[in-house]
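# Results of the structural survey
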Amino acid sequence: MNVDTDSTIRIGICVQVKQRLIALYSSVDAVLIGGGSGLSSAAGYNHYHWLPYMEECLQDFKEWYGLKSPFDGFYYCYSSPEQQWAYYARYIQSMWDAPTGQPYYDLRDIVAEKEVFVLTTNIDMQFERIFQKERICDYQGNSGYLQCSQPCHDQIYSNVEMIRRMNENIRELRVPSVLLPRCNECGRIMVPWVRDDTFLEGKDWRESVRRYENFLKKYLISGFG
């Protein structure tokens, strides 16, 4: 899908604020970043309201289902898993394809050469573009992974290839039944690794929380969003 993102990624942290933050952090060794949805919204990727990038990616779903926001579609009660996974696939593909937002580049510059850890509730994979996975705790999950919907076992799986394959085969806002992702252990349909009542707080999640807790002994908290 070709989407014009030029107008959605230019909003960054203003120069004056950026300079003040750089000066503030010049005397510290470590920075703990608390990253929320406002950072992605500033980049043009708002999941609670329609902004141009997401709206263009999901326009047909928005119109057909009367969706009020991208997240409204994520938690919508669809009539079939084929419909549900068509939306999941398009939505997640939009996050895989979205250019890295300018606020994330600005944040990277602000904390350059510092020891950094990120605790985030964002699921859109933007932080993974600028910081190492080992420096991030995705507390609410990450849309780039799947888990068993039960969940019957403690494992999450990268979804990039299956998401692309489903997107290539969406017809009439549905994916073919044969492409529905199923658990290799129990056969149930898999779901995005995103916080809900079946969310897997497994070994990957616990390890990231443990890294966050270990980092707290030397922190300066910064909240964005």
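Thresholds, definitions, all that
Residues numbered from 1 in each chain as written. Predicted model: local features only at pLDDT ≥ 70, side-chain atom pairs only at ≥ 80, totals over all residues. Heavy atoms only, no water. pLDDT = per-residue confidence, 0-100. Contact = heavy atoms within 4.5 Å. Phe/Tyr/Trp six-rings, centres within 6.5 Å; stacked < 30°, edge-to-face > 60°. Helix = DSSP H or I, 4+ residues; strand = E, 2+ residues; numbered from the N terminus. Buried < 20%, exposed > 50% of the residue type's maximum accessible area, 1.4 Å probe, protein only. Polar contact = N/O pair within 3.5 Å; in protein donor to acceptor, adjacent residues only side chain to side chain. Salt bridge = Lys/Arg side-chain N within 4 Å of Asp/Glu carboxyl O. Pairing = 2+ DSSP bridges. Axes fitted to C-alpha atoms, helices over the stretch in contact; angles between N-to-C directions.

Next up on the list: the confidence of the model for the chain. When the pLDDT values of the chain are averaged, the result is 90; 90% of them are 70 or greater. Predicted confidence is poor over residues 1–11, with pLDDT under 50, and the contacts of this stretch with residues over four places away or in other chains come to 24 contacts.

A full pass over the atoms with the stated rule returns 23 aromatic pairs. Pairing F74 with Y91 gives two aromatic rings, centres 6.1 Å apart and planes at 65 degrees, and the pair type is edge-to-face. Of the two residues, F74 is situated in helix α5 (residues 70–74) and Y91 in helix α6 (residues 81–97); the sequence distance between them amounts to 17 residues. Overall, F74 belongs to the buried group, its relative accessible area being 5%. When the centroid spacing of 4.9 Å and the interplanar angle of 80 degrees are considered together, the rings of Y104 and F127 count as edge-to-face. Highlighted residues: Y104 in helix α7 (residues 102–110) and F127 in helix α8 (residues 127–130), separated in sequence by 23 residues. Looking at Y104, the relative accessible area reads 0%, which means it is buried. Clustering of aromatic rings is evident, with ring pairs tying together Y48, F61, Y65, F71, F74, Y75, Y76, Y78, W85, Y87, Y88 and Y91.

A few words now on the environment of C152. Within the fold, C152 resides in the loop between β4 (141–148) and β5 (157–158). For C152 and D197, which are 45 residues apart along the polypeptide, the C-alpha to C-alpha distance reads 14 Å. Setting aside its immediate chain neighbours within four residues, C152 contacts C183, E185 and C186.

Right, let's talk about the environment of F215 for a bit. The residue F215 is located in helix α10 (residues 203–215) in this model. Owing to a relative accessible area of 5%, F215 belongs among the buried residues under this scheme. When the C-alpha positions of F215 and Y48 are compared, they lie 31 Å apart, and in sequence the two are 167 residues distant.

As for its placement among the helices and strands, N122 is situated in the loop between β2 (115–120) and α8. At 3.1 Å, the side chain of N122 and the backbone nitrogen of S37 are in polar contact. Among the polar contacts listed, one links the side chain of N122 to the side chain of Y104, at a separation of 3.2 Å. When neighbours within four sequence positions are excluded, N122 is seen to be in contact with G35, G36, S37, S40, Y104, F127, D138 and G141.

Tallied over the entire structure, the rule returns eight salt bridges. Here E201 ties to R195 by a salt bridge, and the two come within 2.5 Å at their closest N and O atoms. Take E201: its relative accessible area is 36%, and that puts it in the partly exposed class.

Here the focus is the pairing of strand β1 (residues 30–35). The buried fraction of β1 amounts to five of the six residues, a majority that puts the element mostly inside the structure. Of the pairings in the sheet, the one linking β1 to β2 comprises six bridges and is parallel in character. Bridged to G34 within β2 is L119.

With respect to the helices and strands, the residue S40 is situated in helix α2 (residues 37–42). Of note is the side chain of S40, whose polar atom sits 2.6 Å from the side chain of Y104. If we ignore the near neighbours within four places in the chain, the residues touching S40 are Y45, N46, Y104, N122, D124 and Q126.

Okay, the sheet that holds β4 next. Taken in spatial order, the three strands line up as β5-β4-β6 in an open sheet, and their pairing is antiparallel. Where the open sheet ends on each side, the last strands, each with one partner, are β5 and β6 (190–194). Contacts between α6 and the sheet are confined to β4 and β6, with β6 contributing the most and set at about 40 degrees to the helix.

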